[in-house]
Amino acid sequence: MPPTCVMSSTTIYSTPPPPPLPTGKTNTHQFPTVDRLVFLIDKSKSINHLLQLHAALLRHGLHHHSILNFKLQRSYYTLGRLDYSVSLFERTHNPNVFFWTSMINGHVQRALHDQALFYYAQMLVHGVEPNCFTFSSLLKSCPLEPGKALHSQAIKLGFVSDLFVRTGLVDVYARGGDVMSAQQLFDTMPEKSLVSLTAMMTCYAKYGELGKARVLFEEMKERDVICWNVMIDGYAQNGMPNEAFILFRKMLRARVKPNEVTVLSVLSACGQLGVLESGRWLHSYIENNRIEINVHVGTALVDMYSKCGSLEDARLVFDRIKDKDVVAWNSMITGYAIHGFSQNALQLFNEMCMIGHHPTHVTFIAVLSACGHAGLVSKGWSFFHSMKDQYGIEPRIEHYGCMVNLLGRAGHLEEAYALVKNMNTEPDPVLWGTLLAACRLHDNIALGEEIAEFLVGKNLANSGTYILLSNIYAAAGNWDGVARVRTLMKDRGVQKEPGCSSIEVNNKVHEFLAGDKKHPNSKEIYMMLEEINGWLKAHGYIPQTEIVLHDLGERQKEQSLEVHSEKLAMAFGLISTQPGTTIKIVKNLRVCLDCHAVTKLISKITGRKIVMRDRNRFHHFVNGSCSCGDYW
């Protein structure tokens, strides 16, 4: 039978046990006993104290004592001096499996996986047979390919049925993306621990199988904070922020105390939803529950406030972050960029560089986006070229996308097209879609058709491609072209993404689709819309029916514009909040010309600030003007 490993009821990855204590007594006069020395080494909190103990062992001839030597070796790497552990190990005569495993574990803890595998190979060369603790140590954070080799060896040596080892293997396959192998191992485990359940749940969540992850989560008899974090983060990372926030509230009701990982996930969910009230509540919760606002939490708060429409709060948090890293700077620069405050973004970029931070590829996405929102073509080119020439950063497809957006919106369509054709990497449908949107903006039907036909022919077209081509035809009054595109969409099963707008009122998110009448306050909302239409007419507003890309009569076009989702959300905001309160709306698509013009006028009529986040950026409407300067 293979050797067995003792398993704790609370952990699946345990530290290897020390070698057996020698039976003989040590005569050291008044010097502490071996048991006392073991206790002192284990309780050492500093390298200096450990060195003093080591020196004492050398003076009293105990440096070859196996248990004391083992304890020293392990304590050195635990206190951050792996080099001392290595030196001590190399002086150990005929190290047994516990010494080798400890050496492997020390390197694994420092993420030095290649060195850990090297020690494992050397261990085998020296004829020392591994045990289950050796495998459980090696499998922590082990890459997939070496993990497969270790799996084979675990089968050969009879350790694959051990719970420690099997859990480690599930984790290796899960992290490596081999969901099927991870599931097969997991399903055939005779006993499933909390850690193995969490490993499998993490695998499902990471690769988008949230239904399976939730089933495991609900079946758990006990759940620690890690289980909750995995599920909450799974929802947040897979575009299900509502579910993440609901589960977080359930976690609080279950009296499980959140930690830093929890709040990072929930802050991300708040940012995705654009729910400022909930975000402020969470910020208060963090402070009141003594969760440290370190650079990671501070950066997440900056990102959340920026995405929820409050740059003022974002900047306050940013200024209070101690020891800002480049990620924190990137977050604030990005915040300014998405709100259209391009000069602030570029000024902050200069400040970051002046104090010695090296920009990253994320920094340049933010800076190029800032240039795009302000039409700063020459500056954009300057930043783009400086990436490689000055900072040694090879432009990625996202940077090309920013440049295509900048050039396209500024009307430099041929220049943008040439950039796409000559780029070093293969352009993706998103990049082509950006160029196609510029063709739509500047009514360049010929180039738009050329790009769309290329994408359809190469099977790269997505729903956005078809919609943009249809809109290009419709804007030119080519209804036959529109019909052809829509037939093609129907034949290929392509569906248009519906416009959706949301607004948060009293910590609750209300969502609206165009023409939506499902809301409990639908009657009051439509009465408010009638009142709004009266205000607009009194101010001489004429609906921009030319943007309705359907072959309809003029009145039908007007009626279609009146019930756009952002207008329904705005009407609900007006009837549900106090006069003078800022209204914040989140739209999943780009705001249309008519809604943009109407929102400007409503901000002037009501004296309210209206903040709208669409797919591309933020719009701050104040007293009849928008922060975008009508360039978006």
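Definitions and cut-offs
- For every chain, the first residue of the written sequence is number 1, and numbering continues from 1 onward in sequence order.
- The predicted origin of the model limits local features to residues at a pLDDT of at least 70 and limits the giving and counting of side-chain atom pairs to 80 or more, whereas totals for whole chains, interfaces and linings rest on all residues.
- Heavy atoms from the whole structure form the basis of all side-chain values; hydrogens and water molecules are not counted.
- Note on conventions: DSSP H or I runs of at least 4 residues are helices, E runs of at least 2 residues are strands, and numbering of each starts at the N terminus.
- Residue burial is assigned from relative accessible area. The probe radius is 1.4 Å, only protein chains are included, and a residue is buried under 20% of its type maximum, exposed over 50%, and partly exposed in between.
- Residues count as neighbours in contact if any of their non-hydrogen atoms are within 4.5 Å of one another.
- Per-residue and other accessible areas follow the Shrake-Rupley method at a 1.4 Å probe size, with only the shown protein chains counted as cover for residues.
- Positive: Lys, Arg. Negative: Asp, Glu. His and the chain ends are not part of the count.
- Positions of charges follow a simple convention, taking NZ of Lys, CZ of Arg, CG of Asp or CD of Glu.
- In this scheme, strands are said to pair when DSSP sees at least two bridges between them.
- The angle between two axes is taken between their N-to-C directions and runs from 0 to 180 degrees, where each axis is a line fitted to C-alpha atoms and a helix contributes only its stretch in contact.
- Think of a nonpolar core as a cluster: buried Ala, Val, Leu, Ile, Met, Phe, Trp, Tyr and Cys residues, connected wherever their side-chain atoms sit within 4.5 Å.
- The predictor reports its confidence for every residue as pLDDT, a score running from 0 up to 100.
- Any carboxyl oxygen of Asp or Glu that lies within 4 Å of a side-chain nitrogen of Lys or Arg is treated as forming a salt bridge with it.
- In this analysis, the expected span of each helix is defined as 1.5 Å times one less than the number of residues it contains.
- Throughout this description, any angle smaller than 35 degrees is read as roughly parallel, any larger than 145 degrees as roughly antiparallel, any in the 65 to 115 degree range as roughly perpendicular, and the remainder as oblique.
- Two helices cross in a left-handed way if the nearer one is turned anticlockwise from the farther one by less than a right angle. They cross in a right-handed way if the turn is clockwise.
- Cysteine sulfur atoms are paired as a disulfide whenever they come within 2.5 Å of each other.
- Residues adjacent in sequence count toward polar contacts only when both atoms are side-chain atoms; beyond that, a polar contact is any pair of N or O atoms within 3.5 Å, and within protein one must be able to donate a hydrogen and the other to accept it.

Trainee: Explain the overall build of the chain here, please?
Mentor: Helix and strand content of the chain: 32 helices and six strands. Counting only C-alpha atoms and orienting by the principal axes, one finds that the chain spans roughly 105 × 55 × 55 Å. Looking at the chain as a whole, 49% of its 632 residues are labelled buried. By sequence separation, contacts in the chain at least 24 residues apart represent 63% of the contacts at least 6 residues apart. Working note: accessible area of the chain is about 30600 Å², and carbon and sulfur atoms make up 52% of it. Counting 63 positive and 59 negative side-chain charges, the chain places the centres of these two groups 6 Å from one another.

Trainee: Explanation requested: the pairing of strand E1 (residues 500-505) in the structure shown.
Mentor: Strand residues, when the strand is regular, have side chains that alternate between the two faces of the sheet. In terms of residue burial, E1 counts as a mostly covered element, since six of its six residues are buried. Taking every second residue as pointing to the same face, both faces of E1 are buried, with Cys500, Ser502 and Glu504 on one and Ser501, Ile503 and Val505 on the other. Alignment of E1 against strand E2 (residues 508-513), held across six bridges, turns out to be antiparallel. Among the inter-strand pairings, Cys500 is bridged to a residue of E2, identified as Leu513. Here E1 hands over to E2 after two residues, with Asn506 in that stretch at a positive phi of 55 degrees. Sheet analysis places E1 next to strand E3 (residues 583-587), joined by three bridges and oriented antiparallel. Among the inter-strand pairings, Ser502 is bridged to a residue of E3, identified as Val586.

Trainee: What am I meant to see in the sheet that holds E1 here?
Mentor: Strand pairing in a sheet relies on backbone hydrogen bonds. The paired strands run either parallel or antiparallel. An order of E2-E1-E3-E4-E5-E6 is seen for the six strands of this open sheet, with the pairing classed as mixed. At either end of the open sheet lies a strand with only one pairing partner, and these are E2 and strand E6 (625-626). Those strands touched by helix H32 (residues 593-606) are strand E4 (610-613), strand E5 (618-622) and E6, and its axis lies near 40 degrees from that of E5.

Trainee: Looking at this model, I keep getting lost on the nonpolar core. Mind explaining?
Mentor: Grouped burial of nonpolar side chains is what soluble globular proteins tend to show. If you look at the biggest cluster of nonpolar residues, it comprises 148 residues, and the most contacted ones within it are Met201 and Ile451. Once residues within four sequence positions are removed from consideration, Ile451 is found in contact with Tyr417, Trp432, Leu435, Leu436 and Cys439. Formed by 31 residues, the second largest nonpolar core is a distinct cluster that contains Tyr526, Met528, Tyr541 and Ile583.

Trainee: Would you mind showing me how to read the confidence of the model for the chain here?
Mentor: Caution is warranted with low-pLDDT regions, since their predicted coordinates should not be read in detail. In this model, the chain carries a mean pLDDT of 89, and residues with pLDDT of at least 70 account for 93%. When mean pLDDT is taken per element in the chain, helix H17 (residues 295-307) scores highest with 98 and helix H30 (residues 554-562) scores lowest with 74.

Trainee: When you look at the pattern of salt bridges in this model, what are you seeing that I'm missing?
Mentor: A side chain with one charge may pair with a side chain of the opposite charge, provided their charged atoms come close. As enumerated under the stated definition, the model contains 16 salt bridges in all. Between Lys148 and Glu145 there is a salt bridge, with its nearest N and O atoms 3.5 Å apart. You can see Lys148 and its partner Glu145 sitting in helix H8 (residues 144-157), three residues apart, about one turn around the helix. Of the residues examined, Lys148 reaches a relative accessible area of 32% and is grouped as partly exposed. Residue classification places Glu145 among the exposed residues on the basis of a relative accessible area of 53%. Of the charged contacts, one joins Arg223 and Glu218 as a salt bridge, the two residues approaching to 3.5 Å between their closest N and O atoms.

Trainee: What exactly am I supposed to notice about helix H23 (residues 397-409) here?
Mentor: Working note: α-helix, 3.6 residues per turn, so residues spaced by three or four point in the same direction. Taking 1.5 Å per residue as the helical rise, H23 with its 13 residues ought to reach 18 Å, and the 18 Å between its terminal C-alpha atoms agrees with that figure. The buried count for H23 comes to ten of 13 residues, which makes it a mostly enclosed element. By the burial criterion, the buried members of H23 are His399, Tyr400, Gly401, Cys402, Met403, Val404, Leu406, Leu407, Gly408 and Arg409. Contacts from the buried residues of H23 go to helix H21 (361-374), helix H22 (377-389), helix H24 (413-422) and helix H25 (429-441). Just past H23, the residue Gly411 takes up positive phi, approximately 90 degrees.

Trainee: What is the right way to look at the packing of helix H13 (residues 225-237) against helix H15 (residues 260-273) in this model?
Mentor: For any two helices packed against each other, the geometry is given by the interaxial angle and the distance between the axes. Put simply, H13 and H15 touch, their axes get as near as 9 Å, and they point 20 degrees apart. Relative to H15, the element H13 lies roughly parallel. Crossing angle aside, the handedness with which H13 passes H15 is left-handed. Facing H13, whose interface residues are Val225, Asn229, Ile232, Asp233 and Ala236, H15 presents Val261, Thr262, Ser265, Val266, Ser268 and Gln272.

Trainee: Explanation requested: H8 in the structure shown.
Mentor: An ideal rise of 1.5 Å per residue puts 20 Å on 14 residues; H8 measures up with 20 Å between its terminal C-alpha atoms. For H8, the secondary structure elements touched by its buried residues are helix H6 (113-125), helix H7 (132-139), helix H9 (163-175) and helix H10 (179-187).

Trainee: Is there a simple way to think about the state of the cysteines in this case?
Mentor: Here a disulfide denotes a covalent bond joining the sulfur atom of one cysteine to the sulfur atom of another. Throughout the structure, instances matching the rule amount to zero disulfides. Take Cys270: it sits in no disulfide, and the sulfur closest to it among the cysteines is that of Cys308, at 6.2 Å. What makes Cys270 buried here is its relative accessible area of 0%.

Trainee: Sorry if this is basic, but what is going on with the environment of Asp233 here?
Mentor: Following the sequence through the fold, Asp233 ends up in helix H13. A relative accessible area of 28% means that Asp233 is categorised as partly exposed. Taking C-alpha positions, Asp233 is 33 Å from Val404, a pair spaced 171 residues apart along the chain. Within polar-contact distance, the side chain of Asp233 engages the side chain of Ser265 at 2.9 Å.

Trainee: Where do I start with the environment of Val404 in this structure?
Mentor: Among the secondary structure elements, Val404 is positioned in helix H23. Separated by 16 residues in the primary sequence, Val404 and Val420 place their C-alpha atoms 7.6 Å from one another. Apart from residues no more than four positions distant in its own chain, Val404 is found in contact with Ala416, Leu419, Val420, Leu431, Thr434 and Leu435.

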